[in-house]
Amino acid sequence: MALSTPRLRTFEHMIRSEQERQRIASVDALRARGIDPYPASAFSVTHHSTSLKETFEEGVQVTLAGRLMSRRIMGKASFAELQDHEGRIQIYLNRDELCPGEDKSMYNDVFKKFLDLGDFIGIEGNTFRTQVGEPSIKVTALTVLSKAIRPLPDLKTDDEGNVHGAFTDPELRYRQRYVDLVVNPNVKNTFIARSAMIRKIRDVFDARGWMEVDTPVLQSIPGGAAARPFVTHHNALNTSLYLRIANELYLKRLIVGGFEGVYEFSRNFRNEGMDRTHNPEFTVLELYVAYKDYHWMMETTENLFGELAQAVHGKMEIPLGEHKVNFAPPYARVTMRDAILEHAGVDINDLDEAGLRKACENQGIETDDSMGRGKLIDELFGTKCEHHYIQPTFIMDYPSDMSPLTKAHRDKPGYTERFELLVNGTEVANAYSELNDPLEQRVRFEDQLKLSERGDDEAMFIDHDFLRALEYGMPPTSGIGIGIDRLVMMMTNQTSIQEVLFFPQMRPESFDTAGGDADFSALDVPKHWEEHLVSAGFKSSRDVLDTKPTQVHQRLNGYRKKNKLDIPALSLEEVSAWYASAENHTS
C-alpha cells in the first residue's frame, strides 16, 4: 500500500511506527471510497455478546458493535471475533452474502485490507452454530465505526493455552489503562466489583435513613486528619486553599445542624509517599450517626463487611493473598496497649515521651525530635504489631495523644474511644466515639499546634469555625472512615492499590512527537532509516553513539522484522560505519 497519503503528510512531523503509518493510510483509503472511518450517526445495538450466548438460539437476527479482536481470512470467507463490553463472540463473513451484488469491495477491500485488529465495527446478521457447535453470527452488513491508529499489543495463544506477548508490565498497564482493559478482560472484573460494593453500601445506608451528602474539596483549613496537604491558590480570593485530607469536620457540622445520619464517598488528597497501599488521591467513605458510640459502630462495621463479602463472593470466607480471611461477624477486639505489649513487649502505660523514644530505639525504630508521644506509639504499633492481624480485628482504645478528635474513654484515663479495623495487616477503617466537648476539643487542637511548632508537618490545624459549631452543641455521635480503595483490594484479592484505581498517580510521562527534530546527519545514516531510528527509540545521534554497535544492529533489525519494513536489513558493518562517520565529523 502506498504510504504517501495526504493524511500522512499532515502528520509527517510525528513519530510513527510502520504499522501506524499503514493504518493512517487506511483511513484515507476508506475516505476515498466514500466510507467515513469515524461516522457521527448512532449505531443501534440489539444484543451483546455474553448475554446472547447465554440464551443462544439459531436463526435470530441481531445487531452488535465492538472491537475486531481476531480474524482468520480464508479467501472468500473469514471468521473473526468481536469484543463488546460483555465479552467476545465469533462472527462469520462470506464475501457473497456480505456483498450480494457486483460490488465486492466491502469484503475484498474494506474488511480484508483496510480494517485492522482493534477497529470498532458494527454488524448485522443471523445467529447460527458452526459444525463444532460454536455460537456465531453470519454477517449480512458491516459498518466501520472507528478506525484505530495504534495497534493493540500482539497477544498470541499457543496450542497449550499459553499467552505470549501479554500486556503485563505494571507501569504500562497503569499508564495505559484503556489498553489494559481491552486486552486483559479480568481487569474489568475488579472495577465491576468495586462499583457493586459502593452500590451495596449506598443501599444499606439509605435503607437506614442516612443521607448521602457532598462537602467541599477546596478547604481553607485542611482538617479532620493528621496528614500533609496539597496547597493551591485561589486567584479571585487571593488566598491559599488546600485539597481536603478528610471531610470529617464538615460532616460533624451537619450533625450539629440536626441530621442524625450523614455519609459521603469522599475523594481525599494527601501530599505523601506512594506505595502498594497508598496513592495521593484516594476514596474514603465517612459516616456519622448521632446518639451512637464506638461499640455500636463496631457492630455496624462488621455486619457491613460481612454483607459486602457475601455480595461480591457469595460467601463470607474469601482468599486474600496466601490466606483465607473470614468476614463473618463478630470480629476480635484487642486494645492497642495489649497489642503492643504482646508483640513488642512494651507497656505504653508506664512510659512518657522520653521512655517511648527509648523503647522505639531499642526496637530499631528510627525517631526524630518532631515526634511526640502519639506518633512514637503509632510507629511502635505499625512496625511491630500491624502485620500480625490477618483476620478482621478491631484494635481499640487508642491513647489520647494519637486521637485529637476522639472522646476520652469512659473508663480508662489517658485513652480514647477509638478503633481501627485491620485486615491482612492493613488498616481499612478508623472510627471514634466523637469528641463533642468544645472546650476539650480546643485544648486538643492547641496540643497539635505545639507539635506543628516542633516540626511535625502532619499535625492538625486549629479550625476555629469547627470549634464555633461545636459550641452550639453536637449530640453524642459515632463516626467512621473506611478506605474504599483498600477495601476493594481486600475483596478482590489485589496486592496493590494501583490495581483498584482506574488511573493511579504516576510520574509525568514525556512525549516526543517532533520526529523531525532528530538529527542523524553526523552518522551519515541513510534517509530511509532516519525515521525508523526515532521510532526504535534513538532520539539523536548521541543516543546511537551511547549504545554498542551490536546492540544498535540487533534492535534496528528486530524493529524492521516486527514492523515488516520494506527496506533491506542492516549489516553490522553498515552500523559500525555510522560510528566511524561520527568520528570523521568531529575530527
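Scroll up for the structure.
Residues numbered from 1 in each chain as written. Predicted model: local features only at pLDDT ≥ 70, side-chain atom pairs only at ≥ 80, totals over all residues. Heavy atoms only, no water.

1. What about the nonpolar core?
Threshold: Among buried residues, the Ala, Val, Leu, Ile, Met, Phe, Trp, Tyr and Cys ones that are joined through side-chain atoms within 4.5 Å form a nonpolar core. Burial classes follow relative accessibility: with a 1.4 Å probe on protein chains only, a residue under 20% of its type's maximum area counts as buried, one over 50% as exposed, and anything between as partly exposed. The way it works is that DSSP assigns letters per residue, a run of H or I at least four long becomes a helix, a run of E at least two long becomes a strand, and they are numbered from the N terminus. The contact criterion used throughout is that any non-hydrogen atoms of two residues lie within 4.5 Å.
Core analysis: the biggest nonpolar cluster contains 44 residues, and Phe205, Phe305, Phe327 and Phe419 have the highest contact counts within it. Among the elements that line this core, the one with the most residues is helix 10 (residues 294–313), at eight residues. Once residues lying within four places of it in the same chain are set aside, the contact partners of Phe305 are Phe327, Tyr331, Leu421, Val428, Ile482, Leu487 and Met491. In this structure, Leu30, Val62, Leu93 and Leu142 belong to the second largest nonpolar core, which totals 25 residues.

2. Side note on the side chain of Asn430
Threshold: Polar contacts, as used here, are pairs of N or O atoms within 3.5 Å; protein pairs need one atom able to donate a hydrogen and one able to accept it. Residues neighboring in sequence count only if both atoms are side-chain atoms.
Assignment of secondary structure puts Asn430 in strand 19 (residues 426–433). Of the polar contacts made by the side chain of Asn430, one reaches the side chain of Arg418; its length is 3.0 Å. For Asn430, the residues in contact, after removing those within four places along its chain, are Arg418, Phe419, Glu420, Gly479, Ile480 and Gly481.

3. Concerning the pattern of salt bridges
Our working rule: Throughout this description, the term salt bridge denotes a Lys or Arg side-chain nitrogen within 4 Å of a carboxyl oxygen of Asp or Glu.
Tallied over the entire structure, the rule returns 35 salt bridges. Here Asp119 and Lys147 are joined by a salt bridge, their closest N and O atoms 2.7 Å apart. Remark: Lys147 occurs in the loop between strand 5 (135–146) and strand 6 (156–157) and Asp119 occurs in the loop between helix 5 (105–114) and strand 4 (120–129); sequence separation between them is 28 residues. In this structure Asp119 comes out as buried when scored by relative accessible area, which is 0%. One salt-bridge network, in which partners are shared between bridges, spans Arg23, Asp116, Asp119 and Lys147.

4. Some points on the sheet that holds strand 9 (residues 218–219)
Basically, it comes down to this: At least two bridges found by DSSP between two strands is the condition for calling them paired.
Spatially, 9-11-10 is the arrangement adopted by the three strands of the open sheet, whose pairing is antiparallel. Each of the sheet's edge strands pairs with one partner strand only, and the pair in question is strand 9 and strand 10 (231–234).

5. Some points on the environment of Arg244
Tracing the backbone through its elements, the reader meets Arg244 in the loop between strand 11 (239–243) and helix 9 (248–256). The class for Arg244 is buried, based on a relative accessible area of 4%. Expressed as a C-alpha distance, the spacing of Arg244 and Ile484, which sit 240 residues apart in the sequence, is 16 Å. Setting aside anything within four residues of it in sequence, one finds Arg244 in contact with Thr215, Pro216, Val217, Gln219, Glu264, Ser266, Arg267, Asn268 and Phe269.

6. Quick look at helix 12 (residues 353–362)
Quick note on the threshold: Our arc is simply the arc of the directions from the helix axis toward the C-beta atoms.
Every buried residue of helix 12 is accounted for by Leu356, Arg357, Ala359 and Cys360. Along the axis of helix 12, the buried positions cluster into a sector of 160°, meaning they face one direction only. Of the exposed residues in helix 12, those oriented more than 90 degrees away from the buried face are Ala354 and Asn362. Tucked into the core, helix 12 has its buried residues touching helix 13 (373–384). Its side-chain oxygen 3.3 Å from the backbone nitrogen of Ala354, Asp352 forms the N-cap of helix 12. Directly after helix 12, the chain includes Gly364, whose backbone phi takes a positive value near 80°.

7. Looking at the pairing of strand 11
Of the strand pairs in this sheet, strand 9 and strand 11 are connected by two bridges, and their pairing is antiparallel. Note on strand 11: the bridge partner recorded for Leu218 is Leu243. Here strand 10 runs beside strand 11; their pairing, made up of four bridges, is antiparallel. Residue pairing in the sheet places Val231 in a bridge with Tyr242 of strand 11. The turn joining strand 10 and strand 11, which pair antiparallel and follow one another in sequence, is formed by four residues; a positive phi near 50° is taken by Asn238.

8. Comments concerning the sheet that holds strand 17 (residues 393–396)
The eight strands are arranged 8-12-13-20-19-18-17-16 in an open sheet whose pairing can be described as mixed. At either margin of the open sheet sits one strand with a lone partner, and together these are strand 8 (211–212) and strand 16 (332–335). When strand 8 meets strand 12 (residues 261–269), the two strands line up parallel, connected through two bridges. What sits directly across from Glu212, in strand 12, is Tyr263.

9. Re the side chain of Ser496
Within the secondary structure, Ser496 sits in the loop between helix 16 (484–491) and helix 17 (527–535). Engagement of the side chain of Ser496 in a polar contact is seen with the side chain of Gln498, the distance being 2.3 Å. Sequence-distant contacts of Ser496, defined by excluding residues within four places in its chain, comprise Tyr174, Arg276 and Met489.

10. Here's the deal with helix 9
Within helix 9 the residues assigned to the buried category are Glu248, Leu249, Leu251, Lys252, Arg253 and Ile255. Where helix 9 is buried, its residues touch strand 12, strand 13 (281–290), strand 19, helix 15 (464–471) and strand 20 (477–483). With its phi angle positive at about 120°, Gly258 sits one or two positions after the end of helix 9.

11. Observations concerning a nonpolar patch on the surface
This is how it is decided: Without a salt bridge and with relative accessible area above 30%, a residue can belong to a patch; like charges are then joined within 9 Å and nonpolar side chains (Val, Leu, Ile, Met, Phe, Trp, Tyr) within 5 Å. Computed with the Shrake-Rupley method and a 1.4 Å probe, the accessible areas treat only the protein chains shown as cover for residues.
On the surface, Tyr178, Phe502 and Phe503 cluster together into a nonpolar patch covering about 380 Å² of accessible area. When you line up the elements, Phe502 lands in the loop between helix 16 and helix 17. Residue class for Phe502 comes out partly exposed when judged on its relative accessible area of 40%.

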